[in-house]
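A structural walkthrough
Listed below, chain by chain, are the residues.
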Amino acid sequence: MDSARIREEFFRFFEEKGHVRLPSAPLVLKDDPSVFFTSAGMQPLVPYFLGKKQPPAKRIATIQKCFRTTDLEEVGADTWHLTFFEMLGNFGIGDYWKKEAIEWGWELLVQRFGFEAASLVATIYKDDDEAYDIWTKELALLPPEKVFRLGDLETGDETNFWSPGPTGLCGPCSEVFVDRGPQGGVPPHDCSPAEDCGRYLEIWNFVFQQYDRKEDGSLVPLVKRNIDTGVGLERLAQVLQGVVHDTFRTDLFQPLVRKIESLSGTTYGATAQTDRSIRILADHTRAATFLIADGIAPSNEWRGYVLRRLIRRGALHAVGVLSGDGGG
């Protein structure tokens, strides 16, 4: 299934569930100068969640352009970290809750997209018995041993408790992973999604917005709870295009990879060092293009400096690929 069809199938599915399709917001939100870049599908909808603006509908579906620099140094080192990506999301604004969000996500993955149910596992926040019962009893989608309780706010571990920042809308979340099985070079052990063992590929995150976190860290329950979900287009494409171990072999990246190969005379998959540079070039070229398209220009400060850094890092690896040293 190519990426264009994945996008359309996602929208059609949630339109059938009563959601209104909205276009992607820019990578720089004009109404929220506090946000450096749009880094999550929910960010353009925050005014609706907070009740500051009237939403066009209580149920919304988007495919949002996103840009993150938090994992910049990881890009290229593995086959899945990215700076620019597209986030598919369905949102319920004071409307449906955990059961519907989980049920529809499972239906789309398994019945529409054809994921193997036996390959999926889920995580929940450690105290979220409601989500645990939905997964294992109410909907009976997964056996108990495939639902992992993670995180502990009391110790500072916010795994499976999602928040866009130190304050604001937040809540427990439940994530769905594809279990790719034991990985080469990793000794056999009981690996969980909490470990960086390469076995589990995160696909979908269901965030149950039910709190407003204050500056003192207190969690104030929201009058109206919201559903905020996100599934990465690139991750879906990995699975649905049979390249589950490498984002850069999907149709979203292959035209760029082939162009780099033709210009450099290299082959993706030939050496680890060259592969790293090819991945950095492909990711940074794509990300820089979308940043420029949304009005950002290279400069020495603010957002322009991030773009300049991307271009500079990409150029250094381009020189490395052409010279045969893989970017140094």
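Residues numbered from 1 in each chain as written. Predicted model: local features only at pLDDT ≥ 70, side-chain atom pairs only at ≥ 80, totals over all residues. Heavy atoms only, no water.

**Details of the pattern of salt bridges**
A complete count under the given rule lists 22 salt bridges for this structure. Asp246 serves as the salt-bridge partner of Arg249, at 3.5 Å between the closest nitrogen and oxygen. Asp246 gets classed as buried once you look at its relative accessible area, which sits at 8%. When salt bridges that share partners are traced, they join Glu8, Arg12, Glu15 and Arg21 into one network. (Salt bridge = Lys/Arg side-chain N within 4 Å of Asp/Glu carboxyl O. Buried < 20%, exposed > 50% of the residue type's maximum accessible area, 1.4 Å probe, protein only.)

**Comments concerning the pairing of strand β2 (residues 59–67)**
For β2, the tally of buried residues reaches 8 of 9 residues, placing the bulk of the element in the interior. Of the pairings in the sheet, the one linking strand β1 (residues 20–22) to β2 comprises 3 bridges and is parallel in character. Opposite Arg21, over in β2, you have Ala61 as the bridge partner. Pairing between β2 and strand β3 (residues 84–93): 9 bridges, direction antiparallel. Bridge pairing links Ile63 to Leu88 in β3. (Helix = DSSP H or I, 4+ residues; strand = E, 2+ residues; numbered from the N terminus. Pairing = 2+ DSSP bridges.)

**Some details on helix α4 (residues 129–138)**
Looking at α4, one finds that the buried residues are Ala131, Tyr132, Ile134, Trp135 and Thr136. Seen end-on, α4 carries its buried residues on one side only, within an arc spanning 165°. Buried-residue contacts for α4 involve α3 (98–112), β4 (120–125), β5 (147–150), β7 (168–179) and β8 (200–213). One or two steps after α4, the chain reaches Ala140, where phi turns positive at roughly 50°. (Arc of directions from axis to C-beta. Contact = heavy atoms within 4.5 Å.)

**Quick notes on the pairing of strand β9 (residues 219–232)**
Here 5 bridges tie β3 to β9, and the two strands are oriented antiparallel to one another. Looking across to β9, one finds that Phe91 is bridged to Asp228. In sequence, β8 turns back onto β9 through a hairpin of 5 residues, with Gly217 there showing a positive phi of about 90°.

**Regarding the nonpolar core**
Of all hydrophobic cores here, the largest spans 55 residues; its most connected members are Phe10, Phe115, Trp135, Ile203, Trp204 and Leu236. Tallying contributions element by element places α3 first for this core, with 6 residues. Not counting chain neighbours up to four residues away, the residues in contact with Phe10 comprise Ala61, Thr62, Ile63, Leu88, Gly89, Asn90, Leu108, Phe113, Trp204 and Val231. Phe37, Phe67, Ala288 and Val306 belong to the second-largest nonpolar core, a separate cluster that totals 13 residues. (Core = buried A, V, L, I, M, F, W, Y, C linked by side-chain atoms within 4.5 Å.)

**Description of the side chain of Glu175**
Looking at where Glu175 falls in the secondary structure, it is placed in strand β7. Buried and unpaired, Glu175 has Arg235 as its nearest opposite-charge partner, separated by 8.3 Å. (Lys, Arg positive; Asp, Glu negative; His and termini not counted.)

**Quick word on the environment of Phe115**
As for its position among the elements, Phe115 is in the loop between α3 and β4. Since its relative accessible area comes to 5%, Phe115 is described here as buried. Between the alpha carbons of Phe115 and Leu240 there is a distance of 7.9 Å; along the sequence they are 125 residues apart. Other than its neighbours up to four places away in sequence, Phe115 contacts Leu109, Val110, Leu120, Val178, Ile203, Leu236, Val239 and Leu240.

**Section: the packing of aromatic side chains**
Here the distance between the centres and the angle between the planes together describe a pair of aromatic rings. Counted according to the given criterion, the structure contains 18 aromatic pairs. Look at Phe84 and Phe290: their rings are 4.2 Å apart centre to centre, the planes differ by 10°, and that puts the pair in the stacked class. With Phe84 in strand β3 and Phe290 in helix α7 (residues 272–293), this residue pair connects regions lying 206 residues apart in the sequence. A relative accessible area of 30% means that Phe290 is categorised as partly exposed. Between Tyr125 and Phe161, the ring centres sit 5.8 Å apart and the planes meet at 65°, which makes this aromatic pair edge-to-face. (Phe/Tyr/Trp six-rings, centres within 6.5 Å; stacked < 30°, edge-to-face > 60°.)

**Topic: the packing of helix α1 (residues 3–16) against helix α5 (residues 233–240)**
One can describe the packing of α1 onto α5 by two numbers: an axis separation of 10 Å at closest approach and a directional angle of 115°. With respect to α5, the axis of α1 lies roughly perpendicular. Relative to α5, the crossing made by α1 is right-handed. Where α1 approaches α5, its residues Ser3, Ile6 and Arg7 are matched on the opposing element by Leu233, Leu236, Ala237 and Leu240. Counted by class, the contact of α1 with α5 contains 5 nonpolar, 1 polar and 1 charged residues. (Axes fitted to C-alpha atoms, helices over the stretch in contact; angles between N-to-C directions. Parallel < 35°, antiparallel > 145°, perpendicular 65-115°, else oblique. Left-handed = near helix turned anticlockwise from the far one by under 90°. Nonpolar A, V, L, I, M, F, W, Y, C, P; charged D, E, K, R; others polar.)

**With respect to α1**
Structurally, the α-helix is built with 3.6 residues per turn, so residues lying three or four positions apart point the same way. Taking 1.5 Å of rise per residue, 14 residues should cover 20 Å, and α1 covers 20 Å from first to last C-alpha, within 8% of that figure. Regarding α1, the residues found buried are Ser3, Ile6, Glu9, Phe10, Phe11, Phe13 and Phe14. Backbone geometry just downstream of α1 places Gly18 in the positive-phi region, at approximately 90°. (Expected span 1.5 Å × (residues − 1).)

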